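# Secondary and tertiary structure notes
Below, each chain spelled out in residue letters.
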Amino acid sequence: ARVTWEPWPWLRLHSTLVVVGPRDYQDIDDLSIKTLNEAVIWDMKVVVRPWSWLELWMRVDNLLDQTYQSEVGFPDPGLQVWGGARVAWEGEAHL
């Protein structure tokens, strides 16, 4: 599920929630059937636009710091924090 909320023109909040249920797989070493655990993955992003030409953002992936695997043998990263800026301008370029 994804929710976006813009309480003011200069602030936007994004929230994504993904629920991954338990999944069976066959172990390649002993051919037994095993189960990957379930996980709740919550990501959030905040975007602030102080001026029309500048956008600052911060994103947190896996906010609950869940330990899970999307694929057998490939653990997904825990909590990650990202940030950045986007600069845009309008008008003609003069060379």
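Residues numbered from 1 in each chain as written. Predicted model: local features only at pLDDT ≥ 70, side-chain atom pairs only at ≥ 80, totals over all residues. Heavy atoms only, no water.

Moving on: the packing of aromatic side chains. On inspection of all chains with the given rule, the structure shows two aromatic pairs. An angle of 10 degrees between the planes, with centres 5.4 Å apart, marks the rings of Trp8 and Trp10 as stacked. On the basis of relative accessible area, Trp8 is assigned to the partly exposed category, the value being 46%. Judged by its relative accessible area of 42%, Trp10 falls in the partly exposed class. (Phe/Tyr/Trp six-rings, centres within 6.5 Å; stacked < 30°, edge-to-face > 60°. Buried < 20%, exposed > 50% of the residue type's maximum accessible area, 1.4 Å probe, protein only.)

So, on to the pairing of strand 2 (residues 11-20). Strand direction decides the pairing type here: strand 1 (residues 2-8) and strand 2, joined by five bridges, are antiparallel. Bridging from a neighbouring strand, Trp8 pairs with Leu11 of strand 2. Hairpin connection, strand 1 to strand 2: the antiparallel pair is bridged by two residues. Pairing analysis gives ten bridges linking strand 2 to strand 5 (residues 39-51), with the strands arranged antiparallel. Across the sheet, residue Ser15 finds its bridge partner in strand 5, namely Met44. (Pairing = 2+ DSSP bridges. Helix = DSSP H or I, 4+ residues; strand = E, 2+ residues; numbered from the N terminus.)

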